[in-house]
Amino acid sequence: MEVALPHLVVSSGFLPTGSLLESLIHISNEVASMESLPVIQVRNISTMIRRIKLLSSLFEEIHEMNTPLPPSSILCLTELFSVIRRVKGLIQGCKDGSSLWSLVETEIISSQFHVVVKEMGRALDILPLSLLNITADIREQVELLHKQAKRADLFVDPRELQRREELLQVMAINKNVKNKALVDFRKVKEILSSIGLRRSLDYDDEISKLETEAMMQAGTGGLIVVSNINNLISLVLYSKSMIFSEHEKTNEAIMKQSACLGMNNDQSSSSQSTIINIPDEFRCPISLDLMRDPVIVASGHTYDRNAIGQWINTGHNTCPKSGMKLIHMALIPNYALKSLVHQWCHENNIQLTESTSSSSSDLGRSNSIRKSCENAVDHISATKTAKDAVKMTAEFLVGKLATGSPEIQRQAAYELRLLAKTGMDNRRIIAEAGAIPFLVTLLCSHDPRIQENAVTALLNLSIFDNNKTLIMAAGAIDNILDVLQSGKTMEARENAAAGIFSLSMIADGKVTIGAHPRAMPALVALLREGTSAGKRDAATALFNLVVHRANKGSAVVAGAVPLLIDLLMDDKAGITDDALGVLALLLGCPEGLEQIRKSRILVTLLIDLLRFGSPKGKENSITLLLGLCKDGGGEVARRLLLNPRSIPSLQSLVADGSLKARRKADALLRLLNRCCSQSHSTAG
């Protein structure tokens, strides 16, 4: 926390300086007590901390004397406060930032430390030690510090320079696709290990920090710098896949998956949060709750995905914490923090439940797929060098799919699943590497995790439109329907339904899938048996399919209509709008209209939804009521007239509804008016 510098007024007399000295002591102690110092700039940081500890002793002694000081002393202390605050920022930047980027920028960072040392010397120039009532020991130490600061030379660690030269050589080789085979990964591992990157999770953390640095640099227009950072990202990404053994990566993947697949509900998770003291760094700045799915926004701040998503969806385009305008709305997963949260939850026996279900997190899910197709931002593949690294990684993983043991195939499918989550280029490159046919084959695996990873990888790949055709050409429909019907895990079944939704976005997909005899029954079964997320996936997939007229009858025969009506009353399912949308489409075929008219409760439900539903729900409700009243729907019209809530609800919709809802509500009121007039005429 930054310490605010108190306002000072300097005059020719002696001034009380209690608040200034307290601020100096506080910020000096903050710097002196910093832990987990970085492995870069070790000497400059340790020397600077030693100097500030010495100054802290001076500040404490002056504060204890509690006597006024001459104006020159106050000016000196004010300058020292500014210097120490800059030192704190420099050390914090080295500590929290990318170690690799700090290594590349080692001369610049060293010069920044040199500048603040010189500023410290100039501040001490105006400190009248002879006028201060301090002990001889402190006076001698400050005089020595002053002399050292005045004659201090720029220090750049020769070992860091050597490491940087070795790193730049590797980057130059990595940048050239043809020379990638010449990269000495033992040397790369040695370089990365020397700056603290020893585990696979360290590599993930470093990639996250580099991505954050790239965003910050992009915001200031440093295109060449961003290109260099992306080259580093590609090197770390490629090196990770080459350096670590399959066994190590498999174990880490299992740990991540087990953390992601916790099945506790949100209520129990919240109750645990109230019992366990959550560290502040794990709390979302918006919700103040545990960040289950931390993401980084364009300002570099981290939030829980649900909380920041709601913030953005309500029309905000600024960072809630800094107020800074966001240059883009992409949400980048903070894998480093996510890993720490998982570790903390494991240590405290908390089963982590993601803020969005793990099955839905892989592509933003169901209704957001269309937005993802148009707006996905490729953070890993921002430059050609990064694309080359993705290509090499994809080819390496596809080779493991083709020839590896089940354990290796499980891990390779999982890593392809993750790689396909981010960016259209990644999805194209993975498909070009030949992954799709192997993933389709793995859908028949008896290993639950292999099947789940394969179907989710195909789901993520299908977001890229060209891949939809490739997936169907590989004969995937039969296998995906097998998983949808009888997958080894519920997540696999749900992701299979989401895959059907994605593939049915193209016209050929609607026709091919809709004509398959098992498609509609399998989706209706998931609509009945699935979790809330699974029911939504099934409903949205049904919606996409029945847009094609020839598929409507199949959905009705499969039993979709009574189940969708039942789901209108299921608050826990939370798919009222989705169910209404499908029912409104099924109204367009004779079989659907007949099934819908058989329901004795639907009209009452629709009247209530006219009053309390969402804008989209109201539109679909009025569509259904209007359709039911037309073409011999006199019985429905009479039931509407007998219900005291129907006419006021329709009048309210005419006044305040959307354009489509107003038009249909007006048409239904006219129809009811004619029906009422005919009844009076008949009675007369």
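Our subject is the structure listed above.
Description of the overall build of the protein
- For the protein, the count of helices and strands is 36 helices and 3 strands.
- Taking all 684 residues of the protein together, the buried fraction comes to 53%.
- Restricting to contacts in the protein with at least 6 residues of sequence separation, those with at least 24 account for 73%.
- Summed over its atoms, the accessible surface of the protein is roughly 30800 Å², and 54% of this surface lies on carbon and sulfur atoms.

A few points about the pattern of salt bridges
- The full count for this structure, using the stated rule, is 27 salt bridges.
- Ionic pairing is found between Lys187 and Glu190, a salt bridge with its closest N-O pair at 3.7 Å. In this pair, Lys187 and Glu190 are both assigned in helix 8 (residues 185–194), 3 residues apart and thus about one turn of the helix distant.
- For Glu190, a relative accessible area of 48% corresponds to the partly exposed category.
- With a shortest N-O distance of 3.8 Å, Lys209 and Asp205 are connected by a salt bridge. Of this pair, Lys209 and Asp205 both sit in helix 9 (residues 200–219), 4 residues apart, which is roughly one turn of the helix.
- According to the relative accessible area criterion, Lys209 is partly exposed, its value standing at 25%.
- The exposure class of Asp205 is partly exposed, given its relative accessible area of 25%.
- Connected through shared salt-bridge partners, Arg417, Arg449, Glu452 and Glu491 make up one network.

A short note on the side chain of Glu452
- Along the polypeptide, Glu452 turns up in helix 21 (residues 448–461).
- Only 2.9 Å separates the side chain of Glu452 from the side chain of Thr489, close enough to count as a polar contact.

Some details on the packing of helix 24 (residues 490–503) against helix 26 (residues 519–529)
- Running from N to C, helix 24 and helix 26 point in directions that differ by 130°, and their axes come no closer than 11 Å. In terms of axis orientation, helix 24 runs oblique to helix 26. Of the two elements, helix 24 crosses helix 26, and the hand of that crossing is left-handed. The segment helix 24 lies against helix 26, with Met490, Arg493, Glu494, Ala497 and Ile500 engaging Leu523, Ala525, Leu526 and Glu529.

Considering the packing of helix 21 against helix 24
- Contact geometry of helix 21 with helix 24 gives a least axis separation of 9 Å together with a crossing angle of 20°. In terms of orientation, helix 21 and helix 24 fall into the roughly parallel class. Here the hand of the crossing between helix 21 and helix 24 comes out left-handed. Here helix 21 contributes Gln451, Glu452, Val455, Thr456 and Leu459 to the contact with helix 24, which in turn contributes Glu491, Ala492, Asn495, Ala496, Ala498 and Gly499.
- Here the contact of helix 21 with helix 24 is built from residues that sort into 5 nonpolar, 4 polar and 2 charged.

Concerning the packing of aromatic side chains
- Here the structure, examined in full by the defined rule, presents 1 aromatic pair.
- Both rings, one in Phe282 and one in Trp344, keep their centres 5.9 Å apart while their planes meet at 70°; by these two values the pair is edge-to-face. In this pair, Phe282 sits in the loop between helix 12 (266–275) and strand 1 (294–296) while Trp344 sits in helix 14 (residues 335–347), placing the two residues 62 residues apart along the sequence.
- Exposure remark for Phe282: the relative accessible area of 8% places this residue in the buried category.
- Sitting over the ring of Phe155, Arg43 keeps its end group 3.9 Å from the ring centre.

Some words on the environment of Ser111
- Within the secondary structure, Ser111 sits in helix 5 (residues 106–125).
- Here the side chain of Ser111 touches Ile108 through a polar contact of 2.6 Å, landing on its backbone oxygen.

Considerations on the nonpolar core
- The biggest cluster of nonpolar side chains holds 125 residues, and the ones touching the most others in it are Leu167, Leu439, Leu484, Ile500, Leu527 and Leu668.
- Among the elements that line this core, the one with the most residues is helix 10 (residues 223–243), at 8 residues.
- If sequence neighbours within four positions are ignored, Leu167 has contacts with Leu100, Leu103, Val104, Ile191, Leu232 and Leu235.
- Counting 44 residues, the second-largest nonpolar core is a separate cluster that includes Cys76, Leu129, Leu132 and Ile134.

Some thoughts on helix 2 (residues 42–65)
- The terminal C-alpha atoms of helix 2 lie 35 Å apart, and with 24 residues this matches the ideal 34 Å at 1.5 Å per residue to within 8%.
- Count one or two residues on from helix 2 and you reach Asn66, which has phi positive near 55°.

Details of the side chain of Thr212
- Within the secondary structure, Thr212 sits in helix 9.
- Relative accessible area serves as the criterion here: at 16%, Thr212 is assigned to the buried category.
- At 3.0 Å, the side chain of Thr212 and the backbone oxygen of Ser208 are in polar contact.
- Excluding its chain neighbours within four sequence positions, the residues that come into contact with Thr212 are Ile296 and Gly300.

What about unusual backbone geometry?
- Even without being a glycine, Gln41 presents a positive backbone phi close to 60°.
- You can call Gln41 buried: its relative accessible area is 2%.

Examining the environment of Lys488
- Inspection of the secondary structure assignment puts Lys488 in the loop between helix 23 (476–486) and helix 24.
- Given the relative accessible area of 43%, Lys488 is considered partly exposed.
- Along the sequence, Lys488 and Ser445 sit 43 residues apart, while their C-alpha atoms lie 9.3 Å from each other.
- Those residues within four positions of Lys488 in sequence are excluded, and the remaining contacts are Ser445, His446, Pro448 and Gln451.

Focus on the environment of Phe543
- As for its placement among the helices and strands, Phe543 is situated in helix 27 (residues 532–546).
- The class of Phe543 is partly exposed, set by a relative accessible area of 31%.
- Linking Phe543 and Ala579, residues 36 residues apart in sequence, is a C-alpha distance of 8.5 Å.
- Filtering out sequence-adjacent residues up to four positions away, Phe543 remains in contact with Gly581, Val582 and Leu585.

Calculation rules
Positions within a chain are numbered from 1, following the residues in the order the chain's sequence is written. Note on the predicted model: pLDDT of at least 70 is required for a residue's local features to be given, and 80 or more for side-chain atom pairs to be given and counted; whole-chain, interface and lining totals, by contrast, use all residues. The side-chain quantities take in all heavy atoms of the structure and omit both hydrogens and water. Helix numbers and strand numbers start at the N terminus; a helix is a DSSP run of H or I with at least 4 residues, a strand a run of E with at least 2. Burial classes follow relative accessibility: with a 1.4 Å probe on protein chains only, a residue under 20% of its type's maximum area counts as buried, one over 50% as exposed, and anything between as partly exposed. The contact rule is simple, with two residues in contact once any of their heavy atoms fall within 4.5 Å. Using a 1.4 Å probe, the Shrake-Rupley method yields the accessible areas, and only the shown protein chains count as cover for residues. We define a salt bridge as a side-chain nitrogen of Lys or Arg found within 4 Å of a carboxyl oxygen belonging to Asp or Glu. Residues adjacent in sequence count toward polar contacts only when both atoms are side-chain atoms; beyond that, a polar contact is any pair of N or O atoms within 3.5 Å, and within protein one must be able to donate a hydrogen and the other to accept it. For helices, the fitted line uses only the C-alpha atoms of the stretch in contact; every axis is such a line through C-alpha atoms, and the angle between N-to-C directions lies from 0 to 180 degrees. The scheme is simple: roughly parallel for angles under 35 degrees, roughly antiparallel for over 145, roughly perpendicular for 65 to 115, oblique for anything else. Note on convention: the crossing is left-handed when the near helix lies turned anticlockwise from the far helix by less than a right angle, right-handed when the turn is clockwise. For this classification, the nonpolar set comprises Ala, Val, Leu, Ile, Met, Phe, Trp, Tyr, Cys and Pro, the charged set comprises Asp, Glu, Lys and Arg, and every other residue, Gly included, is treated as polar. Note on aromatic contacts: the rings of Phe and Tyr and the six-membered ring of Trp form a pair at centre separations within 6.5 Å, being stacked when their planes are under 30 degrees apart, edge-to-face when over 60 apart, and tilted otherwise. Definition used: whenever NZ (Lys) or CZ (Arg) falls within 6 Å of the ring centre and also within 35 degrees of the ring normal, the charge is taken to sit over that ring. By nonpolar core is meant a set of buried Ala, Val, Leu, Ile, Met, Phe, Trp, Tyr and Cys residues that side-chain atoms within 4.5 Å join together. The length a helix should cover is 1.5 Å for every residue beyond the first.

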